[in-house]
Number of protein chains: 2
Amino acid sequence: MKTVGVAILGLGVVGSGTYKILRDHREFYRRTQNIDLSVESVLEINRQRALDLGIEESKISDNIAEVISNPNVDIVVEVIGGVEPAKSFVLAALHSGKSVVTSNKELFCKYWHELEAAAKRTNAGLYFEASCVGGVPIIRTLLDGMQANVVTNLTGIINGTTNYILTRMAREGAEYASVLKDAQALGYAEKNPTADVEGYDAAYKLSILASLAFHTKVPLDKVYREGITDISSEDIKYGDELGYALKLLAIGKNDGNNSIEVRVHPAFIRKSHPLAAVNDSFNAVFLRGDSVGDIMLYGRGAGDLPTGSAIVSDVIYAATHSDVKYATFKNTQTAEKGVRFVTDFKSRYYIRFTARDKAGVLAKVAGIFAKYNISIIDLIQKGEDIENIPIILITHETSELSLRRAVEKIRELDDVFEVNSVIRVEG
Amino acid sequence: MKTVGVAILGLGVVGSGTYKILRDHREFYRRTQNIDLSVESVLEINRQRALDLGIEESKISDNIAEVISNPNVDIVVEVIGGVEPAKSFVLAALHSGKSVVTSNKELFCKYWHELEAAAKRTNAGLYFEASCVGGVPIIRTLLDGMQANVVTNLTGIINGTTNYILTRMAREGAEYASVLKDAQALGYAEKNPTADVEGYDAAYKLSILASLAFHTKVPLDKVYREGITDISSEDIKYGDELGYALKLLAIGKNDGNNSIEVRVHPAFIRKSHPLAAVNDSFNAVFLRGDSVGDIMLYGRGAGDLPTGSAIVSDVIYAATHSDVKYATFKNTQTAEKGVRFVTDFKSRYYIRFTARDKAGVLAKVAGIFAKYNISIIDLIQKGEDIENIPIILITHETSELSLRRAVEKIRELDDVFEVNSVIRVEG
């Protein structure tokens, strides 16, 4: 039986979960994988935290050089998060020929090319299943399960915090600010929620997933990004009436002809779409391949044990597979030459505005849309107050640019008090 | 670049799909996988069928020995189906050291141990993603994505034909026989539908999936099996009113203590369960791991290109991974010593019976259930005709044996005309 020594850098939520899984399944992996996975070293400043997990005194260190130079360590698990010091630690491990397993989406999304180049120099492995969608094996699926396909679409709910907030807003009719506060108290949102609620976390993951799905680097700065902070429960309610659920979607499209579209933003999707039923902190990714058609993977996108599951699955993969250690696309800092990123993307739109007088305004609004070649699918007028009428309309597919111009013109109408919301409609 | 020669045994639906994928993606695999996959030989009696696909005359053969002895062939794809001659062909390929990729669930389920032993003798690979749930990478997920977990539950809709029939019965209120006829005309059901509608196909797949999930052989004869031929649209309608959808479920449970339960039968599941929304010919598998929690994979379980996608993904995996070629559990003909298969399994039940007089009967029925320690969750009486009242009740969890005994006693009551249906309620 092969013995494999593991070091864990950081005993935060995911690090502790990873340690517990390795500790409690050692015999199970001996039996089912024929390998003996042994935690040989842990990098953690808070010694007590490590001792509380039952880690031997001699295996706890606050010195990265000591951890990496430990000859018993074969695989280094980085679960610190953020760019530094994680980046230096990962590079040091790779330089010394140790394989690295990481859950660090920000680091990976920004410096993947650099880390991969370092890994290749020493023939060390580099594994990152845990960086995207927690315990859901989406990266393994893209690499080893769907690799026969040209992937044309990727649509995901890949941030648990925002999905939790939007689900509760929909269920309770509550507003964003109050649900966020509650989510923070319950540990579903960070004290500083920016990375989640502004869509950065989803954009990191989309950059990684789209790079794998489309076989070319999709740099973070090419991902269009909008968060959920401006969403009102009123729009969720009106969307519900029209048969839609509101989700923060990560969308990747590839026309198969070097034209790629990547964006993260709130969107309405039909309730009959499988993603509409993905609620609370659950995540899901919907993929379309040219041979397999539509497939969906669903599960927990975060948490100590779900993310730990992905980490340990990567550790086992690293210990048992020697040929495939890196992504197969040309992993550079920018996309391959010839790849075009669509910015004026097409979508359907939900628009809510408040007007004084329905009949007069509608004729003018219809005229503006006609001028920009935008046709309207659905239009509803809500409420009784004829002095302050909310009007909701849903358009056919149109270009972002035309839509923005039309909305500007509507805003200028005398009888329109306010354009309250413009939300994309997908699927 | 590595060149890999492929032979395809049989150009039926899946064989033709596989050929088309390989033919149309050759350049794509060169670019994205750095391998050149070339179809070097095809075993097909119907030469014209092969020629119509554009296969060169010289590569078409009706002689298995010729195909296997071709030195350009590295990987043999078996898509003939059934036990013989597929088994002899696969064994011949393995004997000569060629790796085999198969979609043959019946062969694999019945002779996996024998095929694996033959493969190991020549160090040939043996891959079978396409044998279960078509294009959905469920086997890759069990082997390389969830392997850090003790899997305790596996619940799947893994037969497309029955799901198509049940979906249409639910939507249209139509009866089984008429929907089956239509499904046969449309190509969703075979002329002889037994393997699908009686649950054999699902049982084959469950035997394979449960063996992988639970790390011990789960022989076919341990899988309890019931089909959908006795399902009436009336029960689907009543279930719907009570908040349930009817599905042919494949269920595997492992208590982590060597006690395994495997069964295929129709069952009601709550509409809020993700599997309830899996309709038409779509398939899905719901898995529970001790670390990852619940995950679900959803997609097309059959068809030329979806199943071809799984075949070609296995071909690429076989061509690019050299270390892992077999399942890691002890693959013998029977389960490992100490494993116990539960036969008196527990479930909730939906029971419909027709009675003469409600009040009197209900007291007696309640008495019978009480005697067998079965408590009732829900009870509804349908219809107006007081001479012929359909009564539906749903029980709490009880053992199969107690339930059967109670139903026998109900059947014997003077005021009960008929016990029409007994259907399990899961989840």
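First, a word on what this report is: a plain description of the structure on this page.

Turning next to the sheet that holds strand 5 (residues 99–102) of chain A. Residues and elements named next belong to chain A. Strand order in this open sheet of 6 strands is 3-2-1-4-5-6, and the pairing throughout is parallel. Because the sheet does not close on itself, it has two edges, and the strands there are strand 3 (60–61) and strand 6 (126–127). Looking at chain direction, strand 1 (residues 2–9) and strand 2 (residues 35–43) are connected through 8 bridges and run parallel. Bridge pairing in strand 2 links A7 to S41.

This part covers the pattern of salt bridges. Residue and element names in this part refer to chain A. Scanning the entire structure with this criterion turns up 57 salt bridges over all chains. Residue E56 is joined to K59 by a salt bridge in which the shortest nitrogen-to-oxygen separation is 3.8 Å. Since its relative accessible area comes to 19%, K59 is described here as buried. The partner of K271 in a salt bridge is D240, with the nearest N and O atoms 2.8 Å apart. Taken as a pair, K271 in the loop between strand 10 (259–270) and strand 11 (282–289) and D240 in helix 12 (residues 233–241) lie far apart in primary sequence, 31 residues in all. Judged by its relative accessible area of 40%, K271 is partly exposed. By sharing partners, the salt bridges in this structure join R26, E27, R30 and D36 into a single network.

This paragraph deals with the packing of helix 1 (residues 13–24) of chain B against helix 13 (residues 304–320) of chain B. Residues and elements named next belong to chain B. Viewed as axis vectors pointing N to C, helix 1 and helix 13 meet at an angle of 65°, and their least axial separation amounts to 8 Å. The two elements helix 1 and helix 13 meet at a crossing, and its hand is right-handed. Of the residues in helix 13, those in contact with V13, V14, G17, T18, K20, I21 and L22 of helix 1 are D304, L305, T307, G308, S309, I311 and V312. In terms of residue class, the contact of helix 1 with helix 13 is built from 7 nonpolar, 5 polar and 2 charged.

Residues and elements named next belong to chain B. The first and last C-alpha atoms of helix 15 (residues 400–412) sit 19 Å apart over 13 residues, in line with the 18 Å expected at 1.5 Å per residue. All of the buried residues in helix 15 are E400, L403, A406, V407 and I410. Along the axis of helix 15, the buried positions cluster into a sector of 130°, meaning they face one direction only.

The next subject is the interface of chain A and chain B. Counting from both sides, the interface comprises 44 residues of chain A and, opposite them, 44 residues of chain B. Counting the surface lost from both chain A and chain B, the interface buries some 3,900 Å², and carbon and sulfur atoms represent 55% of this. Broken down residue by residue, the surface that chain A buries against chain B is led by A:Q147, A:A148 and A:Y298, which jointly contribute 15%. On inspection of chain A and its partner chain B, the count reaches 0 salt bridges. Applying the counting rule to chain A against chain B returns 18 residue pairs in polar contact (both at pLDDT 80 or more). Those elements that provide at least two residues to the side of chain A that touches chain B are helix 2 (26–33), helix 7 (138–145), strand 12 (293–300) and helix 13 (304–320) of chain A. For the side of chain A that touches chain B, the element with the highest residue contribution is helix 13 of chain A, accounting for 8 residues. Looking at the side of chain A that touches chain B residue by residue, the class counts come to 20 nonpolar, 17 polar and 7 charged.

This part covers empty space enclosed by the protein. Residues and elements named next belong to chain A. This model, assessed by the stated rule, comprises 4 cavities of 30 Å³ or more. Approximately 110 Å³ is the volume found for the largest cavity. Together, 13 residues line the largest cavity, and L126, Y127, F128, R140 and L143 are the ones closest to its centre. Elements represented by at least two residues in the lining of the largest cavity include exactly strand 6, helix 7 and helix 13.

Time to look at the environment of B:T332. Residue and element names in this part refer to chain B. Positionally, T332 belongs in the loop between helix 13 and strand 13 (340–341). The spatial distance from the C-alpha of T332 to the C-alpha of A117 is 9.1 Å, given a sequence separation of 215 residues. When neighbours within four sequence positions are excluded, T332 is seen to be in contact with H113 and K217. Engagement of the side chain of T332 in a polar contact is seen with the backbone oxygen of T334, the distance being 2.9 Å.

It is worth spelling out unusual backbone geometry at this point. Here the amide bond leading from A:E84 into A:P85 is cis, since omega sits at 5°, within 30 degrees of zero. Considering the arrangement of structural elements, one finds A:P85 in the loop between strand 4 (75–78) and helix 5 (86–95). Here B:H215, not a glycine, exhibits a phi torsion of approximately 60°, which is positive. Residue position: B:H215 is located in the loop between helix 11 (200–214) and strand 8 (224–225). Since its relative accessible area comes to 12%, B:H215 is described here as buried.

Side-chain positions along a regular strand alternate between the two faces of the sheet. All names here are of chain A. Among the 10 residues that make up strand 14 (residues 346–355), 9 are buried, leaving the element largely enclosed by the rest of the structure. Examined bridge by bridge, strand 14 and strand 17 (residues 398–399) share 2 bridges and lie antiparallel to one another. If you follow S347 over to strand 17, its bridge partner there is T398. Pairing of strand 14 with strand 18 (residues 416–426), which is carried by 8 bridges, proceeds in the antiparallel orientation.

It is worth spelling out the sheet that holds strand 1 (residues 2–9) of chain B at this point. Taking strand neighbours across the sheet as the criterion, the 6 strands line up as 3-2-1-4-5-6 (chain B) in an open arrangement whose pairing is parallel. The open sheet terminates on both sides in strands that have one partner only, identified here as strand 3 (60–61) and strand 6 (126–127) of chain B.

So, on to the relation of the copies chain A and chain B. Between chain A and chain B, which share one sequence, the superposing operator has a rotation angle of 180° and an axial displacement of 0.0 Å; the RMSD is 0.0 Å. Put plainly, the chains are arranged around a two-fold axis. Of the C-alpha atoms belonging to chain A, the one lying closest to the rotation axis is found on A:L297, 2.3 Å away. Same-surface contact between copies: 100% of interface residues of chain A are shared with the interface of chain B.

Within the secondary structure layout, B:L297 lies in strand 12 (residues 293–300). Taking the C-alpha atoms as reference points, B:L297 and B:V136, separated by 161 residues in sequence, lie 6.9 Å from one another. Excluding residues that lie within four positions of it along the chain, B:L297 makes contacts with A:M296, A:L297, B:V136, B:P137, B:I138, B:T141, B:N283, B:A284 and B:V285.

Rules used in this analysis
- Residues numbered from 1 in each chain as written.
- Chains lettered and ligands numbered in written order.
- Predicted model: local features only at pLDDT ≥ 70, side-chain atom pairs only at ≥ 80, totals over all residues.
- Heavy atoms only, no water.
- Pairing = 2+ DSSP bridges.
- Helix = DSSP H or I, 4+ residues; strand = E, 2+ residues; numbered from the N terminus.
- Salt bridge = Lys/Arg side-chain N within 4 Å of Asp/Glu carboxyl O.
- Buried < 20%, exposed > 50% of the residue type's maximum accessible area, 1.4 Å probe, protein only.
- Axes fitted to C-alpha atoms, helices over the stretch in contact; angles between N-to-C directions.
- Left-handed = near helix turned anticlockwise from the far one by under 90°.
- Contact = heavy atoms within 4.5 Å.
- Nonpolar A, V, L, I, M, F, W, Y, C, P; charged D, E, K, R; others polar.
- Expected span 1.5 Å × (residues − 1).
- Arc of directions from axis to C-beta.
- Buried area = accessible area lost by both parts, 1.4 Å probe.
- Polar contact = N/O pair within 3.5 Å; in protein donor to acceptor, adjacent residues only side chain to side chain.
- 1 Å grid on protein atoms, 1.4 Å probe; cavity = no way out; pocket = protein on both sides within 12 Å on 5 of 7 lines; lining within 4 Å.
- Points joined across faces, edges and corners; volume = space filled by probe spheres on them.
- Least-squares fit on C-alpha atoms with pLDDT ≥ 70 in both.

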